[in-house]
Amino acid sequence: MIFVCGSIATDHLMRFPGRFAEQLLPEHLSHVSLSFLVDDLVIRHGGVAGNICCALGRLGDRPLLIGAVGGDFDEYGRALAAAGVDLGGVHTHADLHTARFVCTTDTDMAQLASMYPGAMARAARISVAQLSARHGRPDLVLIGADDPAAMLRHTEECREYGLPFAADPSQQLAYLDAARIRGLLDGADLLFTNEYEWGLLRTKTGLSEADIAAVVRTRVTTLAERGVEVVDSGGARVRVPAVPPIAEVDPTGVGDGFRAGFVFARGRGATVERAAQLGCLVAVLVLESSGPQGWSWRTDAALERLAAAYGPEAADDLAALLIDTAADRERKVPS
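Analysis parameters
- Residues numbered from 1 in each chain as written.
- Predicted model: local features only at pLDDT ≥ 70, side-chain atom pairs only at ≥ 80, totals over all residues.
- Heavy atoms only, no water.
- Helix = DSSP H or I, 4+ residues; strand = E, 2+ residues; numbered from the N terminus.
- Buried < 20%, exposed > 50% of the residue type's maximum accessible area, 1.4 Å probe, protein only.
- Contact = heavy atoms within 4.5 Å.
- Pairing = 2+ DSSP bridges.
- Axes fitted to C-alpha atoms, helices over the stretch in contact; angles between N-to-C directions.
- Parallel < 35°, antiparallel > 145°, perpendicular 65-115°, else oblique.
- Left-handed = near helix turned anticlockwise from the far one by under 90°.
- Salt bridge = Lys/Arg side-chain N within 4 Å of Asp/Glu carboxyl O.
- Core = buried A, V, L, I, M, F, W, Y, C linked by side-chain atoms within 4.5 Å.

> Hey, could you go over the overall build of the chain for me, with residue numbers and the actual values?
Within the chain, the secondary structure is distributed over 11 helices and 13 strands. Taken along its principal axes, the extent of the C-alpha atoms in the chain is 55 × 45 × 45 Å. Counting only residues that meet the buried cut, the chain has 52% of its 335 residues in that class. In the chain, the share of contacts with a sequence separation of at least 24, taken over all contacts with a separation of at least 6, comes to 70%.

> I'd like a description of the pairing of strand β4 (residues 64–70), backed by residues and values.
Within a regular strand, side chains alternate between the sheet's two faces. Summarising burial for β4: seven of the seven residues are buried, a large majority. Side chains Leu-64, Ile-66, Ala-68 and Gly-70 project from β4 onto one buried face, and the interleaved Leu-65, Gly-67 and Val-69 project onto a second face that is buried too. Taken together, the three bridges between strand β1 (residues 2–5) and β4 define a ladder with parallel strand orientation. Bridging across to β4, Val-4 finds its partner in Leu-65. Relative to strand β5 (residues 86–93), β4 runs parallel, the two being bridged by six bridges. Counterpart to Gly-67 in the pairing with β5 is Val-90.

> Explain the packing of helix α1 (residues 48–59) against helix α8 (residues 254–267) to me, and be specific about the residues and the numbers.
Taken N-terminus to C-terminus, the directions of α1 and α8 make an angle of 45°; their axes are 8 Å apart at the nearest point. Relative to α8, the element α1 lies oblique. As α1 runs across α8, the sense of the crossing is right-handed. Where α1 abuts α8, its residues Val-48, Asn-51, Ile-52, Ala-55, Leu-56 and Leu-59 lie against Asp-256, Arg-259, Ala-260, Gly-261, Val-263 and Phe-264.

> Can you explain the pattern of salt bridges? Please cite residues and give values.
One pass over the full model with this rule turns up 20 salt bridges. Residue Asp-108 is joined to Arg-19 by a salt bridge in which the shortest nitrogen-to-oxygen separation is 2.6 Å. With a gap of 89 residues between them, Asp-108 in the loop between β6 (99–105) and β7 (111–116) and Arg-19 in the loop between β2 (9–15) and β3 (41–46) connect regions that are remote in the sequence. The exposure class assigned to Asp-108 is partly exposed, which follows from its relative accessible area of 43%. Here Asp-61 makes a salt bridge to Arg-268, at a shortest N to O gap of 3.5 Å. A residue pair is termed long-range when its members are at least 10 positions apart, and Asp-61 in the loop between α1 and β4 and Arg-268 in the loop between α8 and α9 (272–287) qualify at 207 residues. On the basis of relative accessibility, which here comes to 28%, the residue Arg-268 falls in the partly exposed class. A cluster of three or more residues bridged by salt bridges with shared partners is formed by Glu-209, Arg-219, Glu-229, Arg-237 and Arg-239.

> An account of unusual backbone geometry is requested, with residue identities and associated values reported.
For Ser-170, which is not glycine, the phi torsion reads 35° and is therefore positive. In this structure, Ser-170 sits in the loop between β9 (165–167) and α5 (178–185). Ser-170 sits in the buried class, given a relative accessible area of 8%. For Ala-224, which is not a glycine, the phi torsion comes out positive at approximately 55°.

> Tell me about the sheet that holds β4, and please be specific about residues and values.
A sheet is described by the order of its strands in space; here nine strands give the open sequence β5-β4-β1-β8-β9-β10-β11-β12-β13, paired in mixed fashion. Each having just a single partner strand, β5 and β13 (237–240) make up the two edges of the open sheet. Going from strand to strand, the sheet's axes swing by 20° on average, the running direction of each strand aside. Direction of pairing for strand β12 (residues 228–232) relative to β13: antiparallel, over a ladder of four bridges. If you follow Val-230 over to β13, its bridge partner there is Val-238. Against the sheet, α1 engages β1, β4 and β8 (140–143), with an angle of about 155° to β1. The sheet contacts of α5 involve β9, β10 (188–194) and β11 (216–222), and relative to β9 the element is tilted by about 150°.

> Can you break down the nonpolar core residue by residue, with the values?
Phe-192, Phe-258, Phe-262, Val-263, Trp-297 and Leu-322 are the most contacted members of the largest nonpolar core, which has 57 residues in total. It is α9 that contributes the most residues to this core, 10 residues altogether. Those residues in contact with Leu-322, other than ones at most four positions away along the chain, are Leu-59, Phe-264, Leu-278, Trp-297, Thr-299, Leu-303 and Leu-306. In this structure, Leu-176, Leu-184, Leu-185 and Ala-188 belong to the second largest nonpolar core, which totals 25 residues.

In C-alpha cells, the structure reads:
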C-alpha cells in the first residue's frame, strides 16, 4: 500500500489569452502591480495528494490519502472513493474550508498561482505512525506539499519507524528555509522535483548534487517537454523522453500524474526506466485534459501510446502490471 500525504484542495483554474513574459518588466519586478483579464474559469478537484491518489486509483492501486479537509469535502471525497482511494487518513474539520488553489495559465503554459491553506493548516495533527499501525505498514509514504509542520512531522515519523518515504516538497520549497528543506531530505528513498525546483533546492540549502546523493537514494527530476532524469546515489543516470502530447490543455497536476505513474510501477517491481515511462504517459494524459483529474484511463489506449513513444518492448513490460492490477481492482473494490 502507498500512503500519500499532502494537500487536498479545490482548484480554481483560469486561462489568460496572452503571455505573462510580455507583461512582466524585469526592472520593475520589486513593485509589480498587474491584473490579467482571463477567458474562463473552471473549478476542479485538486491538491497534490488528491491528484496523486486519484491517478493511483485509476491505475488499479488503492492508496491511503492522508490530509486535512474542511466541511465542504463530501462531494470530492465521494469522487475519490469511486476512483479507488482509501480515505482512512483524511481528517475533516467542519469549521474550515478545504484548501483553495487559484491559478492562471497563459498561452506558454506558464502559471501564476496562490494557495489558501484552510483546513490543511491542521494536517500536522495527523500521525503517519498511527495510520501505519491501523492500516498496515506501507510500501512507501509519499510526502508531498502540505502544511510545512505536517511535512516535517510525517518525515520524522518515517525515519523514526523505518518507513520508506519519498520527499516531494515541490511548491513549498519557496516557503521553507534551508534547515527545514534538509530535514525533509535525509533518508529519503526518492526525491521528486521539477527542473526549477531542483535548482532552487540546491540554492536555498547550499547542498551540492553529491551532498544530496549522500542522503537520498534516488533523485527524480522532471524536465517538462524534455522528459525526466533519474539518478541513483551511485551516480547512474537514466533519461526518458516525454510522451508527445496530442494537445496542451492545462499543465495543472502534470507532475502529480507523473509521480503516480512512477511510484505505481516501481511498487510492482518495474525498473526506473519503465516507471519513468509510465509516469510520462500519465503526465501527458493530465496535460491533455481540463483540470488535474479530468483525464480518463483505458489500458489498451495507454499501451498503444507507450509502444509508439518507447517501443513494443516497453509496452509489453508494463502491460502485465497494468492489466493485472486492473483485474485486482475489479475483484477488490466494490462497485
